[in-house]
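For reference, the chains in residue letters:
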Amino acid sequence: MGAQKKGGGARVSEDAVEQSRQRLQAILLADSFATKFRPVTLERPKVLLPIVNVPMIDYTLAWLESAGIEEVFVFCCAHSMQVIEYLEKSEWYSHPNLLVRTIESHKSISAGDALRYMYEQQTETSQIQGDFVLVSGDTVSNMPLTDLIQEHRERKKKDEKAIMTMVIKQSKSSQLTHQSRLGTDQLFIAVDPLTKQLLHYEEDKIDHPSGSVCLEKSLLDTNPSVLVCNDMQDCYIDICSPEVLSLFEDNFDYQHLRRHFVKGVLVDDIMGYKIFTHEIHSSYAGRIDNFRSYDTVSKDIIQRWTYPYVPDINFSGNRPLKLGRQGIYRASDVVQSRSADVGASTVIGYGTKIGNGDKISNSVIGNGCYIGSNVVIEGSYIWNNVTIEDGCEIRNAIVCDGVKIRAGAVLQPGVVLSFNVVVGRDFVVPAYSKVSLLQQPTTEDSDEELEYADSSSGTADHLSGLNLQMESKASELGPDGAGYIWEACEGAHDEEWKHSVAPIPKDKLSEITQAIDDEDTDDESVVPASGELKSDADSINTDVNDPNDDYYYFEKEVEGTVLRAVEENIKVDLVTLEINGLRLSYNMESADCAGATFYSMIKLAVDTPHNSASELYKNAASIITNWKELLGFYVKKIDEQIEVIMKFEEMCQESPKELGPLFTQILHLLYDKDVLQEDAILRWAEEKAGADEADKVYLKQCDTFIQWLKEASEEEDEDDEDEEEDD
């Protein structure tokens, strides 16, 4: 066989050959280097905490494997032995398509330290062959990666300074709390709208507590157009070139990935490195950064936004559950009393027993749990092997493995019970309490420091011995209880509700709603969520981003809320409270609430069995009549009432055969029930009169009703004039 010729026009590019040989690799940080999940993470690493009964790291690894990643380096720090032992016993160590390697370091106290350690290892072993994905082990996603990695590589070929691509997703922040639906701080970014190069990055709470943002004038001098956004979520999924590791090695002050590294690169004019963004739309990506995001991502999993990583599908060795009606997932061996009521959006794990008269809704119950009789569990997360005795009430709480809650005890919203805590009989655990068998440290570490337990090994023997000691010593949870109630950090007590699994408290909700209403009254100007600033104009283009992405999530959650309210006959004021919480979380207006609530009612009517149009009308009439007070809360203004009509018109257009023929009847019903005023209906008709013929189908259908309203309105006006003349 002859030697290969060197050179020549037919020679394949060395770069292309090299890239084709490179494994698709990822670095997974199995430590958050934060304290937001304390006291739970003092005993177990965050990546091994269950989310919908599956450890967080399994979601991340399953996604990376399905996205084409061939090799993952899992960087272990706090409780490293627990992570390594878990992976060694899991299917990941023998997976045919994914090579999982663990790297252990007890000296790293930040993400920066971890990547510096990776660089040191790299100089010795050359493990990282080229571009790699950088993620945290608390990431849940289903986005594809292969094309994005190729896009990054192609960009790097053209511009050797392009060293990172960040994944972002649109997500509106609350107007007052300045937080996303995941409980993270509002983010301000500026990008080049053509190249998607990142030009500016600021986290609201850290950089500008007032909610403002300041841009350097030089940005507009050097960029003809700049897109400024405050409605983006950083997914913390990065495609990195090897230079990223060397930059951490060269800059020992880089600790935090965003606060230090990204901002450092953006202001460094000497090296000239560049970071680009990639916005996802239809895919899901969320990082579990705090208890609020734990709750949000759990709900997204249950509502199947994360498909195929959902409870009824086997991934990463989990045992799939059976999906039933109303989004209820149940293990095959669950023992449930006939008198127990398991409501919508609930997950019940293997080997769990549910007693007489229990009411469980919108919750996740783990494996091997025992729930006594007449127990109420709402919006909560019960992990494995938990015992809940008779008559307990648990609302919007997290209960870790091995906890025992004695008869009659109450967990108020926002409570977190760490491992093996015992709540005494009839004891009421105050709202937002964090309880542990471990005593609270005298000083809290910063959010960049390592989450070490007293024993860095975190072995079961150590914790077992500790539990025996605490059983007799700790009695802050009643005479027959065991555990310490941790105090909120100084200055953080009023902020506990922002990062909790509990809805916004009623007093805070009233305060925030009033503030927003006052703000709307005082300032009628609208500040867009994002806009394009051009160097030769002061105008803002508000059509750059689609404003409806979050509305789908919002409408879905309102639908679930209304469904539970109807099924469980929940009081209207409590339903209103929950919808208002969603309104603030998604930064929606009252009109959005009106449209979503009405949509949920009509959808429920359609989903209720019926054999004819008349039966469907009866379904709708029954729901509207029984729940008109709820709808009425959001249709106090004419514009809000018009939103309901437009929403109904939209539903009829989507289902013309089923709902279309009932448009006039249901519109008349809403008028008769005082949900809609004649002014709102007539204004809608006037606005529709100028539309294209194709858009006037339902206006024509209710023409007789409109004429009747006009005549009635004219008669009232004449009567008023006659009365004035008599006076």
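Residues numbered from 1 in each chain as written. Predicted model: local features only at pLDDT ≥ 70, side-chain atom pairs only at ≥ 80, totals over all residues. Heavy atoms only, no water.

1. As for the overall build of the chain
For the chain, the count of helices and strands is 22 helices and 36 strands. Among the 727 residues that make up the chain, the fraction classed as buried is 54%. When contacts within the chain are restricted to residue pairs at least 6 apart in sequence, long-range pairs at least 24 apart make up 62% of them. For the chain, the accessible surface area stands at approximately 33100 Å², while carbon and sulfur atoms represent 47% of it. (Helix = DSSP H or I, 4+ residues; strand = E, 2+ residues; numbered from the N terminus. Buried < 20%, exposed > 50% of the residue type's maximum accessible area, 1.4 Å probe, protein only. Contact = heavy atoms within 4.5 Å. Areas by Shrake-Rupley, 256 points an atom, 1.4 Å probe, with all protein chains shown as cover.)

2. Here we look at the sheet that holds strand β8 (residues 162–170)
The sheet built from seven strands is open, its strands ordered β5-β4-β1-β6-β12-β8-β13 with mixed pairing. Here the strands that pair on one side only, and so sit at the sheet edges, are β5 (99–104) and β13 (274–280). On average, each strand axis in the sheet is tilted by 25° relative to the strand beside it, whichever way the strands run. In this sheet, strand β12 (residues 232–240) lies alongside β8 in antiparallel orientation, the contact comprising six bridges. (Pairing = 2+ DSSP bridges. Axes fitted to C-alpha atoms, helices over the stretch in contact; angles between N-to-C directions.)

3. Considering helix α3 (residues 80–89)
Taken together, the buried positions of α3 are S80, Q82, V83, I84 and L87. Buried positions along α3 lie against α2 (56–66), β4 (71–76) and β5.

4. What to know about helix α15 (residues 590–607)
With 18 residues, α15 should cover 26 Å at 1.5 Å per step; its first-to-last C-alpha distance of 26 Å lies within 8% of that length. Summarising burial for α15: 13 of the 18 residues are buried, a large majority. (Expected span 1.5 Å × (residues − 1).)

5. As for the pattern of salt bridges
In this structure the tally under the stated criterion is 24 salt bridges. A salt bridge links K156 to E243; its shortest N-O distance comes to 3.0 Å. Placement of the pair is K156 in helix α5 (residues 146–158) and E243 in helix α8 (residues 243–250), with a sequence separation of 87 residues. According to the relative accessible area criterion, E243 is partly exposed, its value standing at 22%. Where E555 meets K647, a salt bridge forms, and the shortest distance between an N and an O atom there is 3.0 Å. Of the two residues, E555 sits in helix α13 (residues 549–568) while K647 sits in helix α18 (residues 638–654), which places them 92 residues apart along the sequence. (Salt bridge = Lys/Arg side-chain N within 4 Å of Asp/Glu carboxyl O.)

6. Remarks on the confidence of the model for the chain
Summing up the model confidence of the chain, the mean pLDDT is 78 and the portion of residues at 70 or higher is 79%. Per-element averaging of pLDDT across the chain places helix α11 (residues 460–473) at the bottom with 40 and strand β25 (residues 381–382) at the top with 95. In this model, residues 1–13 is a region of pLDDT below 50 whose contacts with residues beyond four sequence positions or in other chains number one contact. Confidence drops under a pLDDT of 50 for residues 446–474, and excluding neighbours within four residues, the segment shows 61 contacts in the predicted structure. (pLDDT = per-residue confidence, 0-100.)

7. Side note on the nonpolar core
Grouped together as the largest cluster of nonpolar side chains are 154 residues, with contacts concentrated most on L145 and I405. Broken down by element, this core gets its largest block of residues, nine residues, from α15. Aside from chain neighbours lying at most four places away, what touches I405 is T387, I388, E389, C392, I394, V399, L411, L417 and V423. With 39 residues, the next largest nonpolar core counts F73, F75, I189 and F248 among its residues. (Core = buried A, V, L, I, M, F, W, Y, C linked by side-chain atoms within 4.5 Å.)

8. Regarding unusual backbone geometry
Omega for the peptide link from R38 to P39 comes to 5°, which places this bond in the cis form. Counting through the fold element by element, P39 comes out in the loop between β1 (25–29) and β2 (50–51). Cis geometry is found at the peptide bond from Y307 to P308, where omega equals 15°. Within the chain, N396 stands out as a residue other than glycine whose phi angle is a positive 50°. By secondary structure assignment, the location of N396 is in the loop between β27 (393–395) and β28 (398–399). Note on N396: relative accessible area 16%, which makes it buried.

9. Topic: the packing of aromatic side chains
For the coordinates displayed, the defined rule picks out 15 aromatic pairs. A ring pair is formed by F598 and F648, whose centres lie 5.5 Å apart and whose planes are at 85°; its orientation type is edge-to-face. Here F598, found in helix α15, pairs with F648, found in helix α18; they are 50 residues apart in sequence, far enough to count as distant. Per residue, the accessibility class of F598 equals that of F648, and both read buried. Taken together, F37, F291, Y294, Y381, W383 and F419 form an aromatic cluster joined through their ring pairs. The positively charged end of R287 is found above the aromatic ring belonging to Y236, 4.8 Å away from the centroid. Lying across the ring of Y350, R319 places its NZ or CZ 3.9 Å from the centre. (Phe/Tyr/Trp six-rings, centres within 6.5 Å; stacked < 30°, edge-to-face > 60°. Lys NZ or Arg CZ within 6 Å of the ring centre and 35° of its normal.)

10. A few points about the packing of α18 against helix α19 (residues 663–672)
Helices that pack against each other are described as a pair by the angle of their axes relative to one another and the distance between those axes. The geometry of α18 relative to α19 is characterised by a closest axis approach of 11 Å and an angle of 160° between their N-to-C directions. Classed by the angle they form, the pair α18 and α19 counts as roughly antiparallel. Viewed along their axes, α18 and α19 form a crossing whose handedness is right-handed. Contacts from V644, I645, F648, E649 and C652 in α18 reach F663, I666, L667 and L670 in α19. Tallied by class, the residues present in the contact of α18 with α19 amount to eight nonpolar, no polar and one charged. (Parallel < 35°, antiparallel > 145°, perpendicular 65-115°, else oblique. Left-handed = near helix turned anticlockwise from the far one by under 90°. Nonpolar A, V, L, I, M, F, W, Y, C, P; charged D, E, K, R; others polar.)

11. Digging into the side chain of Q25
With respect to the helices and strands, Q25 occurs in strand β1. Given the relative accessible area of 1%, Q25 is considered buried. A polar contact of 2.8 Å, which involves the side chain of Q25, links it to the side chain of E71. Not counting chain neighbours up to four residues away, the residues in contact with Q25 comprise I69, E71, F73, Q127, I128, Q129, G130, F132 and V133. (Polar contact = N/O pair within 3.5 Å; in protein donor to acceptor, adjacent residues only side chain to side chain.)

12. Thoughts on the pairing of β8
Of all nine residues in β8, nine are buried, a share of seventy percent or more. Pairing of β8 with β13, which is carried by seven bridges, proceeds in the parallel orientation. Each residue of the ladder has a partner; that of A162, found in β13, is K274.

13. Notes on the packing of α8 against helix α9 (residues 257–267)
Contact pair α8 / α9: the axes reach a minimum separation of 12 Å and the direction vectors enclose 100°. One element, α8, and the other, α9, form an angle in the roughly perpendicular class. Contact with α8, carried on its side by V244, L247 and F248, involves L257, F261 and V265 of α9 and no other residues of that element. By residue class, the composition of the contact of α8 with α9 is six nonpolar, no polar and no charged.

14. With respect to the sheet that holds strand β16 (residues 328–330)
If you walk across this open sheet you meet the nine strands as β15-β16-β19-β22-β25-β28-β31-β34-β35, and the pairing is mixed. Of all the strands in the sheet, the pair left with one neighbour each is β15 (322–323) and β35 (484–486). Where β16 meets strand β19 (residues 346–348), three bridges bridge the pair, whose relative direction is parallel. Across the sheet, residue Y329 finds its bridge partner in β19, namely V347.

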